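Topology and contacts: notes
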Amino acid sequence: MNFFKLKEKQTSIKQEMIAGATSFFALSYIIVVNPLILADAGIPAELSVFSTIIISAIGSIMMGLWGKAPIVLVPGMGINAFFTYTIVDSLGLSWQQALAVIFVSGVIFTGIAYTSISKLLADAIPESLKHGITAGIGLFLVVIGLENGGILVDGGDSSFIALGDLSQPLVLLAVIGILLSGVLYLRNVPGSFFIGIVVITIISLITRVHEVSASSFSLSNLSEFPALIGAFDFSTLFSVPFLLAVFSLTMILIFEAIGLFEGMLEDKTRFKSAFKVSGIMTMVSALFGTSPTVAAAESASGIKAGGKTGLTAVTAGVLFLLSLLFTPLLSYIPNAALAPVIVITGAIMMENLKHIPFDDFSEWFPAFLILVMIPLTSSIVDGLAFGFVAYPIFKLAKGEFFKVKKAMHVVSFLFLLTMIAITII
């Protein structure tokens, strides 16, 4: 295992594998949810489940071996919705043409990743915004975790969000899980998050408060899966809807990747290689008939569980492959067991707020916009757009407009164009 430089990173095979398992279980919901969203675009769910699993396995293993980063790649939530409800439903492209959009975006993404442009873009982002991105993603994870655990629910007409019913057994289990995982993490217990998942799952099974649903997944459908491979359609390549979709998706993919890698990678030297893997996997995603893979924000749970090297990502990738055979077993794990890990991981990421200079309004307010708009819009890219567009405006107001790097001005303008394009769509 010298390939991963475990001793140099002060980690071990056991620690990395536990971290990888933690990331996998935190992301296992994607196996079911992604095919259901893509089904609304017309892609058969019984086939796209294989795309989801295989592309997650390939992407994570590539990220581990080539990117050497503890980041898991899966079809992104939000991106899959953009694929289905914007590119297909709003722009009127077929799902095959939408896959062609992904492929072209992947080519552009990869081209940027292999040039100095990627580093130029990453370096142009002010430190305050980078910390705002990390904290914003963290708060987003907290909201996701609380909703998954039933602790927060839709508020209906009275408010957009409300406290869940704490008398419900599974909701109560989620609360207990947060306390348990938090205490274990505080006490520096190895594999604290993974232990929390196992303990809450066992309790839910013993008390029978979690109903195990029958899985409709069938390995027998694998023989029909080749129908999705290479199914893209370039017949509308030069049409306005196609080009508009390519521009918007490329912007989303590139800057979401920059935001996520800047926010989660503790070893910033892995940024370039991780960015390259992400670009290539966008093209591979289109080839396998699914929405693009992205660096999963939930990867932070594995990182906080001790993951420091690519072995974490490889472990998660192998578990995705094994899930082809054992997917029905995932239904035994309740959201109450997974939610605490996501909540605590997000809370830990918000520690980055202490690095933001709160004595300078022109620095902290754009970061604040990112912090609040990511969870409120349920979109990392929308959150970034608000902060990035606001930053040069407030620097102009302070008389420091020309102190902002030129590349940052370009990025801000591109985000503005993206917001306009999405609004038109």
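Look above for the structure.
Residues numbered from 1 in each chain as written. Predicted model: local features only at pLDDT ≥ 70, side-chain atom pairs only at ≥ 80, totals over all residues. Heavy atoms only, no water.

**A word on the packing of helix α16 (residues 380–398) against helix α17 (residues 406–424)**
- Two elements in contact, α16 and α17, have axes whose closest approach is 8 Å; the angle formed by their N-to-C orientations is 130°. One element, α16, and the other, α17, form an angle in the oblique class. The interaxial crossing formed by α16 with α17 has left-handed handedness. Facing Val-381, Leu-384, Ala-385, Phe-386, Phe-388, Val-389, Tyr-391 and Pro-392 of α16, the residues of α17 in contact are Met-408, His-409, Val-411, Ser-412, Phe-415, Leu-416 and Met-419.
- Here the residues of the contact of α16 with α17 sort into 13 nonpolar, 2 polar and no charged. (Axes fitted to C-alpha atoms, helices over the stretch in contact; angles between N-to-C directions. Helix = DSSP H or I, 4+ residues; strand = E, 2+ residues; numbered from the N terminus. Parallel < 35°, antiparallel > 145°, perpendicular 65-115°, else oblique. Left-handed = near helix turned anticlockwise from the far one by under 90°. Contact = heavy atoms within 4.5 Å. Nonpolar A, V, L, I, M, F, W, Y, C, P; charged D, E, K, R; others polar.)

**A closer look at the environment of Asn-221**
- Relative to the assigned elements, Asn-221 resides in the loop between α9 (192–207) and α10 (240–264).
- Residue Asn-221 is classed as buried on the basis of its relative accessible area of 17%.
- Filtering out sequence-adjacent residues up to four positions away, Asn-221 remains in contact with Glu-46, Leu-47 and Phe-50. (Buried < 20%, exposed > 50% of the residue type's maximum accessible area, 1.4 Å probe, protein only.)

**Concerning the packing of aromatic side chains**
- Enumeration according to the criterion identifies 24 aromatic pairs in this entry.
- Taken together, a centroid distance of 5.3 Å and an interplanar angle of 15° make the contact between Phe-271 and Phe-275 stacked. On the criterion of helical spacing, the pair formed by Phe-271 and Phe-275 is a turn pair, its members being 4 residues apart in helix α11 (residues 271–287).
- Among the residues examined, Phe-275 registers a relative accessible area of 0% and is labelled buried. (Phe/Tyr/Trp six-rings, centres within 6.5 Å; stacked < 30°, edge-to-face > 60°.)

**Digging into α10**
- Under the 1.5 Å per step criterion, the end-to-end length of α10 is 36 Å for 25 residues, consistent within 8% with the ideal 36 Å.
- Counting buried positions along α10 gives 20 out of 25 residues, so the element sits mostly inside the fold. (Expected span 1.5 Å × (residues − 1).)

**So, the pattern of salt bridges**
- Evaluation of the coordinates by the stated rule reveals 9 salt bridges.
- Close ionic contact of Lys-130 with Glu-127 constitutes a salt bridge, the shortest N to O distance being 3.5 Å. Of this pair, Lys-130 and Glu-127 both sit in helix α7 (residues 127–148), 3 residues apart, which is roughly one turn of the helix.
- Bridged by salt links that share partners, the residues Asp-360, Glu-363, Lys-395, Lys-398 and Glu-400 form one connected network. (Salt bridge = Lys/Arg side-chain N within 4 Å of Asp/Glu carboxyl O.)

**Structural notes on the environment of Gln-15**
- Turning to its location among the elements, Gln-15 is positioned in helix α1 (residues 13–27).
- On the basis of relative accessibility, which here comes to 26%, the residue Gln-15 falls in the partly exposed class.
- Gln-15 sits 297 residues away from Thr-312 along the chain, and the two C-alpha atoms are 8.6 Å apart.
- One polar contact links Gln-15 to Thr-11, side chain to side chain, over a distance of 3.3 Å. (Polar contact = N/O pair within 3.5 Å; in protein donor to acceptor, adjacent residues only side chain to side chain.)

**A closer look at α7**
- A rise of 1.5 Å per residue sets the reference length of α7, with its 22 residues, at 32 Å; its end C-alpha atoms lie 32 Å apart and thus fit the reference within 8%.
- In terms of burial, α7 is largely enclosed, as 17 of its 22 residues are buried.
- Of the residues trailing α7, Gly-150 is marked for its positive phi of about 80°.

**Describing a nonpolar patch on the surface**
- Together, Leu-205, Val-212, Leu-219, Leu-222, Val-318, Leu-322, Leu-325, Phe-326, Leu-329 and Tyr-332 make up a nonpolar patch on the protein surface, roughly 840 Å² of accessible area in all.
- Per-element tally for the nonpolar patch: the top contributor is helix α13 (residues 310–330), with 5 residues.
- Relative accessible area serves as the criterion here: at 49%, Leu-329 is assigned to the partly exposed category. (Patch = residues over 30% accessible without salt bridge, like charges linked within 9 Å, V, L, I, M, F, W, Y side chains within 5 Å. Areas by Shrake-Rupley, 256 points an atom, 1.4 Å probe, with all protein chains shown as cover.)

**Things to note about the environment of Ile-203**
- Looking at the element boundaries, Ile-203 is found in helix α9.
- A sequence separation of 134 residues divides Ile-203 from Ala-337, and the C-alpha atoms of the two residues are 9.6 Å apart.

**Examining the nonpolar core**
- Of all hydrophobic cores here, the largest spans 124 residues; its most connected members are Phe-83, Phe-261, Phe-275 and Phe-388.
- At 14 residues, the largest contribution of residues to this core is made by α10.
- Excluding residues that lie within four positions of it along the chain, Phe-83 makes contacts with Leu-38, Ala-41, Ile-43, Val-88, Trp-95, Ala-98, Leu-99, Ile-102 and Ser-291. (Core = buried A, V, L, I, M, F, W, Y, C linked by side-chain atoms within 4.5 Å.)

**Looking at the packing of α10 against α11**
- One can describe the packing of α10 onto α11 by two numbers: an axis separation of 11 Å at closest approach and a directional angle of 145°. Judged by the sense of rotation from one axis to the other, the crossing of α10 with α11 is right-handed. The residues of α11 that touch α10, namely those facing Leu-253, Ile-254, Ala-257, Ile-258, Phe-261 and Glu-262, are Phe-271, Ala-274, Phe-275, Ser-278 and Thr-282.
- Looking at the contact of α10 with α11 residue by residue, the classes come out as 8 nonpolar, 2 polar and 1 charged.

**Observations concerning the side chain of His-210**
- On the secondary structure map, His-210 appears in the loop between α9 and α10.
- Assessed through its relative accessible area of 16%, His-210 is described here as buried.
- Those residues within four positions of His-210 in sequence are excluded, and the remaining contacts are Leu-170, Ser-204, Ser-331, Tyr-332, Ile-333 and Pro-334.

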